[in-house]
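If you want the building blocks of each chain, they are given just below.
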Amino acid sequence: MHEWALAEAVIAAASEIARKEGLKEVREVEIKVGELQQIELDILEFALSQLKPAKFKHTKFSIEVAKAELKCRVCGHKWFFKKEKLDESTAEAIHFIPEIAHTYIKCPKCGSPDFEILQGRGVWLESVKGVKQSNG
Ligand SMILES: [Zn+2]
């Protein structure tokens, strides 16, 4: 369900960028989805194709998953979150409440559960490319 809300937000944000850049037509939108966000990419792509306005008629939406990088607050060790190490119910719990990750994930070096998420959450637009309005 939230894939549709996300698609709306992506189009709204891309439209805003297109307006600022003076693009009459948007050709390509690159979307990055944090790994911890656990978005159903198929649904997101479908939602984008259904919701896109006229300016986005020929737009290619490319969606990339950004790896989640974590950093231990105790020893400073940085590592990439590996989803496959978690069992299914844990992964599901993290899906619904990202904060719960702190209960399950520990620093592989010193074992501390006190870490910060450097990247891997949220959804952002990497780039919006298109055809500029001709001057005059
Ligand atoms: Zn550590």
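This one's a predicted model, so the numbers in the text were calculated from it and none came from an experiment. All chains use their own residue numbering, which begins from 1 and follows the written sequence. Only residues with pLDDT of at least 70 are given local features in this predicted model, and only at 80 or more are side-chain atom pairs given and counted; all residues enter the totals for whole chains, interfaces and linings. Calculation of side-chain values draws on the structure's entire complement of heavy atoms; hydrogens and water are dropped beforehand.

So, the coordination of the zinc ion
Consideration 1: Coordination sphere of the zinc ion, protein contribution only: Cys 72 (SG), Cys 75 (SG), Cys 107 (SG) and Cys 110 (SG), at 2.3 to 2.4 Å.
Consideration 2: Taken together, the four donor atoms coordinating the zinc ion span angles of 107 to 115° at the metal, a pattern that classifies the geometry as tetrahedral.
Consideration 3: Within one chain, the residues serving as donors to the zinc ion are arranged as C-x2-C-x31-C-x2-C. Pair noted here: Cys 72 is in strand β3 (residues 69–72) and Cys 110 is in the loop between α4 (101–104) and β5 (115–119), with a separation of 38 residues, a long-range link.
Consideration 4: Residue burial is assigned from relative accessible area. The probe radius is 1.4 Å, only protein chains are included, and a residue is buried under 20% of its type maximum, exposed over 50%, and partly exposed in between. A residue is classified by how much of its surface remains accessible, and Cys 72, at 2% relative accessible area, is buried. Coordinating N, O and S atoms are those within 2.8 Å of the metal (3.2 Å for Na, K and Ca), and as water is not part of the atoms, a site may appear to have fewer donors than expected. Any site counts as irregular unless it has four donors with all angles between 85 and 135 degrees, making it tetrahedral, or four or six donors with opposite ones more than 155 degrees apart and the rest between 65 and 115, making it square planar or octahedral. Secondary structure elements are defined from DSSP: runs of H or I of at least 4 residues count as helices, runs of E of at least 2 residues count as strands, and each element is numbered from the N terminus.

A closer look at the environment of Gln 133
Consideration 1: Looking at the element boundaries, Gln 133 is found in the segment after β6 (123–132).
Consideration 2: Measuring from C-alpha to C-alpha, the distance between Gln 133 and Glu 21 comes to 9.0 Å, with 112 residues separating the pair along the chain.
Consideration 3: Ignoring sequence-local partners within four residues, the contact set of Gln 133 consists of Gly 22, Leu 23 and Lys 24. Only heavy atoms enter the contact rule, under which two residues are in contact if any of them lie within 4.5 Å.

A look at the confidence of the model for the chain
Consideration 1: Confidence in the prediction for the chain averages 86 pLDDT; 84% of positions are at 70 or higher.
Consideration 2: In predicted models, pLDDT denotes the confidence assigned by the predictor to each residue on a 0 to 100 scale. Here helix α3 (residues 88–96) is the element of the chain with the lowest mean pLDDT, 67, and helix α2 (residues 41–51) is the one with the highest, 94.

Description of helix α1 (residues 2–21)
Consideration 1: Here α1 contains 20 residues, and its C-alpha end-to-end distance of 28 Å stays within 8% of the 28 Å for a straight helix at 1.5 Å per residue.
Consideration 2: Buried residues belonging to α1 abut β1 (23–34), α2, β2 (60–66) and β6.
Consideration 3: One or two positions beyond α1, positive phi appears at Gly 22, with a value near 70°. In this scheme, a helix's expected span is set at 1.5 Å multiplied by one less than its residue total.

Focus on the packing of aromatic side chains
Consideration 1: Aromatic contacts are taken between Phe, Tyr and Trp rings whose centres are within 6.5 Å, Trp giving its six-membered ring; a plane angle under 30 degrees counts as stacked, one over 60 as edge-to-face, and the others as tilted. In the structure shown here, the tally under the stated rule is three aromatic pairs.
Consideration 2: Ring centres 6.0 Å apart and planes at 70° place the aromatic pair Trp 79 and Phe 115 in the edge-to-face group. Of the two residues, Trp 79 sits in strand β4 (residues 78–80) while Phe 115 sits in strand β5, which places them 36 residues apart along the sequence.

Here's the deal with α2
Consideration 1: Where α2 is concerned, the buried positions are Leu 44, Ala 47 and Leu 48. Seen along its axis, α2 keeps its buried residues to an arc of 100°; they face one direction.
Consideration 2: The inward-facing, buried residues of α2 contact α1, β1 and β2. Directions pointing from the helix axis toward each C-beta atom define the arc.

What about the nonpolar core?
Consideration 1: Put simply, a nonpolar core is a bunch of buried Ala, Val, Leu, Ile, Met, Phe, Trp, Tyr and Cys residues held in one set by side-chain atoms that sit within 4.5 Å of each other. Counting 19 residues, the largest nonpolar core has Val 29, Ile 31, Leu 44, Leu 48 and Phe 61 as its most contacted members.
Consideration 2: Breaking this core down by element, the ones donating at least two residues are α1, β1, α2 and β2.
Consideration 3: Residue contributions to this core peak at six residues, all from α1.
Consideration 4: Counting residues in hydrophobic clusters, the runner-up holds nine residues, among them Leu 36, Leu 70, Phe 81 and Phe 115.

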